[in-house]
Amino acid sequence: MVGPFIYIFRFLHNLLDLKLFPLYPLLFLSAPHRVREKKQTQMERNPFVLLVFLIVSSMVAAPIHCKKQTQALGRFYERKMKGSSGIDKSGFKAVHYINKSRVHTQQGMKEKDRIKKLPGQPGVLFQQYGGYVTVDKAAGRALYYYFVEAYHSKESLPLLLWLNGGPGCSSLAYGAMEELGPFRVHSNGKTLYSNRYSWNHAANVLFLESPAGVGFSYSNTTSDYDNSGDSKTAVDNYVFLLNWLERFPEYRNRKFYIAGESYAGHYVPQLAHTILQHNKNANSTIINLKGILIGNAVINDETDVKGMYDYLASHALISDETANGIEKHCNFAPEDDSESSSECDAATDEAGQNIYYVDIYNIYAPLCHNSSLTIRPKEPSVANFDPCSDYYVYAYLNRVDVQEAMHANVTKLDHDWEPCSDIIRRWGDSPSTIIPLLQELMANGLRVWIFR
Ligand SMILES: *[C@@H]1O[C@H](CO)[C@@H](O)[C@H](O)[C@H]1NC(C)=O
Ligand SMILES: *[C@@H]1O[C@H](CO)[C@@H](O)[C@H](O)[C@H]1NC(C)=O
Ligand SMILES: *[C@@H]1O[C@H](CO)[C@@H](O)[C@H](O)[C@H]1NC(C)=O
Ligand SMILES: *[C@@H]1O[C@H](CO)[C@@H](O)[C@H](O)[C@H]1NC(C)=O
Ligand SMILES: *[C@@H]1O[C@H](CO)[C@@H](O)[C@H](O)[C@H]1NC(C)=O
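Residues numbered from 1 in each chain as written. Chains lettered and ligands numbered in written order. Predicted model: local features only at pLDDT ≥ 70, side-chain atom pairs only at ≥ 80, totals over all residues.

- The name given to the protein chain in an unreviewed UniProt entry is Carboxypeptidase, with Gossypium raimondii as the source organism.
- Per UniProt, the protein chain has the following entry under Subcellular location (unreviewed entry): "Secreted".
- Listed in UniProt under the heading Function (unreviewed entry), the comment for the protein chain reads: "Probable carboxypeptidase." (UniProt positions renumbered as here; feature names shortened; annotations may be inferred.)

1. Here we look at the overall build of the protein chain
Then step 1. A count of helical and extended segments in the protein chain gives 15 helices and 11 strands.
Then step 2. Across the protein chain, every contact between residues at least 6 apart in sequence was considered, and the portion connecting residues at least 24 apart equals 79%. (Helix = DSSP H or I, 4+ residues; strand = E, 2+ residues; numbered from the N terminus. Contact = placed C-beta atoms within 7 Å.)

2. Side note on the confidence of the model for the protein chain
Any residue range with low pLDDT should be treated as having predicted coordinates unsuitable for detailed reading.
Then step 1. Mean pLDDT for the protein chain: 83, with 80% of residues reaching 70 or above.
Then step 2. In this model residues 1-27 is a low-confidence stretch, pLDDT under 50, and it forms 103 contacts with partners more than four residues away in sequence or in other chains.
Then step 3. Here residues 30-75 is a poorly scored stretch, pLDDT under 50, and it has 98 contacts once near neighbours within four places are set aside; other chains count. (pLDDT = per-residue confidence, 0-100.)

3. Details of the site of ligand 5
Then step 1. The full set of residues close to ligand 5 is Phe216, Gln403, Asn409, Lys412, Leu413, His415, Asp416 and Trp417.
Then step 2. Here the residues of the shell around ligand 5 are counted per class, giving 3 nonpolar, 3 polar and 2 charged. (Near = placed C-beta within 6 Å. Nonpolar A, V, L, I, M, F, W, Y, C, P; charged D, E, K, R; others polar.)

4. A few points about the packing of helix H9 (residues 264-282) against helix H15 (residues 435-443)
Then step 1. Taken N-terminus to C-terminus, the directions of H9 and H15 make an angle of 45°; their axes are 10 Å apart at the nearest point. Looking at the two axes, H9 sits oblique to H15. The chirality of how H9 crosses H15 is left-handed. Of H15, the residues touching H9 (which contributes Pro269, Gln270, Ala272 and His273) are Leu437, Leu438, Glu440 and Leu441. (Axes fitted to C-alpha atoms, helices over the stretch in contact; angles between N-to-C directions. Parallel < 35°, antiparallel > 145°, perpendicular 65-115°, else oblique. Left-handed = near helix turned anticlockwise from the far one by under 90°.)

5. Comments concerning H9
Then step 1. Across its 19 residues, H9 extends 26 Å between first and last C-alpha, which sits within 8% of the 27 Å expected from 1.5 Å per residue.
Then step 2. Of all the positions in H9, only Ala264, Gly265, His266, Tyr267, Val268, Pro269, Gln270, Leu271, Ala272, His273, Thr274 and Ile275 are classed as buried.
Then step 3. For H9, the elements touching its buried residues are strand S4 (159-163), helix H8 (230-247), strand S9 (256-261), strand S10 (289-295) and H15.
Then step 4. Directly beyond the C-terminal end of H9, a positive phi value near 50° is found at Asn283. (Expected span 1.5 Å × (residues − 1). Buried ≥ 20, exposed ≤ 12 C-beta atoms within 10 Å, placed from the backbone.)

6. Looking at the packing of H8 against H9
In a packed pair of helices, the relevant descriptors are the angle between the two axes and the axis-to-axis distance.
Then step 1. The N-to-C vectors of H8 and H9 enclose an angle of 60°; their axes lie 9 Å apart at closest approach. Relative to H9, the element H8 lies oblique. At the point where H8 passes H9, the crossing takes the right-handed sense. Contacts between H8 and H9 involve Asp230, Thr233, Ala234, Asn237 and Tyr238 on the former and, on the latter, His266, Tyr267, Gln270, Leu271, Thr274 and Ile275.
Then step 2. Looking at side-chain class alone, the contact of H8 with H9 contains 5 nonpolar, 5 polar and 1 charged residues.

7. Here we look at unusual backbone geometry
Then step 1. Residue Pro167 is reached from Gly166 by a cis peptide bond, and omega for that bond is -5°.
Then step 2. Inspection of the secondary structure assignment puts Pro167 in the loop between S4 and helix H7 (172-179).
Then step 3. Look at the link from Ser210 to Pro211: it is a cis peptide, with omega at -5°.
Then step 4. One can find Pro211 in the loop between strand S7 (204-209) and strand S8 (218-219).
Then step 5. Even without being a glycine, Lys412 presents a positive backbone phi close to 55°.

8. Re the environment of Val402
Then step 1. Checked against the element boundaries, Val402 lands in helix H14 (residues 400-406).
Then step 2. C-beta crowding within 10 Å serves as the criterion here: with 22 such atoms nearby, Val402 is assigned to the buried category.
Then step 3. Distance in space between the C-alpha atoms of Val402 and Leu118 is 6.5 Å, their sequence separation being 284 residues.
Then step 4. When sequence neighbours within four positions are dropped, the list of residues in contact with Val402 reads Leu118, Pro119, Tyr396 and Leu397.

9. Regarding the nonpolar core
Then step 1. In terms of nonpolar packing, the biggest core is built from 94 residues, with Leu143, Tyr145, Leu160, Leu206, Val268 and Ile292 touching the most fellow members.
Then step 2. With 9 residues, the top contributor of residues to this core is H8.
Then step 3. Apart from residues no more than four positions distant in its own chain, Leu143 is found in contact with Tyr132, Val133, Val135, Leu208, Glu209, Ser210, Ala212, Ser217, Asp236 and Phe240.
Then step 4. Formed by 10 residues, the second largest nonpolar core is a distinct cluster that contains Val305, Ile318, Phe332 and Ala351. (Core = buried A, V, L, I, M, F, W, Y, C linked by C-beta atoms within 7 Å.)

10. Here we look at the pairing of S4
Both faces of the sheet carry side chains from a regular strand, because those side chains alternate between them.
Then step 1. Counted residue by residue, S4 has 5 buried out of 5 residues, so it is predominantly covered.
Then step 2. Summarising the sheet, S4 and S7 pair through 4 bridges and their orientation is parallel. Within the sheet, the bridge partner assigned to Leu159 lies in S7 and is Asn204.
Then step 3. With 5 bridges connecting them, S4 and S9 associate as parallel partners. Each bridged residue has a counterpart across the sheet, and for Trp162 the counterpart in S9 is Ala259. (Pairing = 2+ DSSP bridges.)

11. Looking at helix H12 (residues 342-354)
Then step 1. Given a rise of 1.5 Å per residue, 13 residues ought to cover 18 Å, and the 18 Å separating the end C-alpha atoms of H12 matches this to within 8%.
Then step 2. Those residues of H12 not exposed but buried are Ala347, Thr348 and Ala351. With its buried residues spanning 95° around the axis, H12 presents them on a single face. For H12, exposure combined with an orientation more than 90 degrees from the buried face picks out Ser342 and Gln353. (Arc of directions from axis to C-beta.)

Here is the structure:
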């Protein structure tokens, strides 16, 4: 399943945005004016590239992810584009009925989830929590969350949920530990340093590993991993929120925002739509959703893919000949289910080779050439992103003492923690566009910010 999405969209490097403009999202959360949809440009996260990127990264440094999986994933997106995949690409529909028995009392659980201190962590003055929320008791399905309260004014600042994409990638791996969370992992894989641009200066930030099979989130019914998809993810995320708000009732009426990047360009609007539907059906504000933010978002397959090739061409990473070949012979329209022509394949293969040694998320950035941890931490720099960060985070989150401190992996899962899941094998539905959802959200007065 899942295609190059996973890797392409994992997106370390849209850090670029967060790094250079780390406060934009914070302004969004507090600004009184309505933010208009920003026109997306080019380079919209194209899955094909991901595939290539993935292969590159596995060549440059020892792969964390097993290669077989990579190849299987690579085929997914191609299948999705060709229509022979069985992936339902029609528009998203929210599940209207959610059995009330999926929401449980959560008394006493918040205190149990409190993280006293993460191993190797600098002292901080905000509270952190981590633990599991059961979203389906019968199946034994539980999602892992990590929550950091705001540095100050936690009683009045909004609650913000962060989702990474993939599908299959972890919000702990990228969002929490490499992008907008309060800590970054040193190159020794053991100790942490502070990220002065952490979003918890502006909000109480909740990181969720979703769907089951990603990171520490799991299901005791392992066939769930073969039945993943956008719709199931939206329902589980919604049920997660209902339960989490029982566990943390002080946030129940709080202004709520959902943010995410890459394939979360699907998850975020789908969850927002689900929340709106349920609020409407109940004629009450079950969840006080105010807006969404999506970065480097996958929102519309055809233009996402085309835009990527336009970007590569306009940055001289592929030749005019290749760019013209793609323009002339490739059809990325969702209704075009035919096999791509050999001319198109040749042109996209050529493009893939051309960017083999380029980080497509930041074409000017270095690649990781040595994935070894260092005994002494390298001089950390939030401004100069270290392309080997994945390896440090992988080492850190797989430590037993870290998992114990975070209340993670309590059932002793039979696989390791991975930044992008190896165990989610199939993806049932993935609409070719989510633009109608964005229109609906805006029509309902939500603030929508699309950044890249
Ligand atoms: C809701 O879930 C409960 C417990 O799993 C089950 O007994 C009941 O039949 C479900 N209700 C509906 C309408 O599906
Ligand atoms: C999954 O199974 C383990 C072992 O039986 C159990 O401890 C755990 O509570 C189950 N998880 C859920 C979400 O029910
Ligand atoms: C919804 O709630 C509002 C205010 O509480 C009330 O005025 C209105 O009649 C309700 N609508 C329905 C369909 O119940
Ligand atoms: C990679 O880095 C480690 C630790 O700094 C070092 O011991 C090793 O020699 C390096 N390997 C290569 C191939 O440069
Ligand atoms: C969970 O713990 C077991 C036993 O320590 C370990 O083998 C496994 O890699 C861990 N899995 C995750 C997802 O952390």
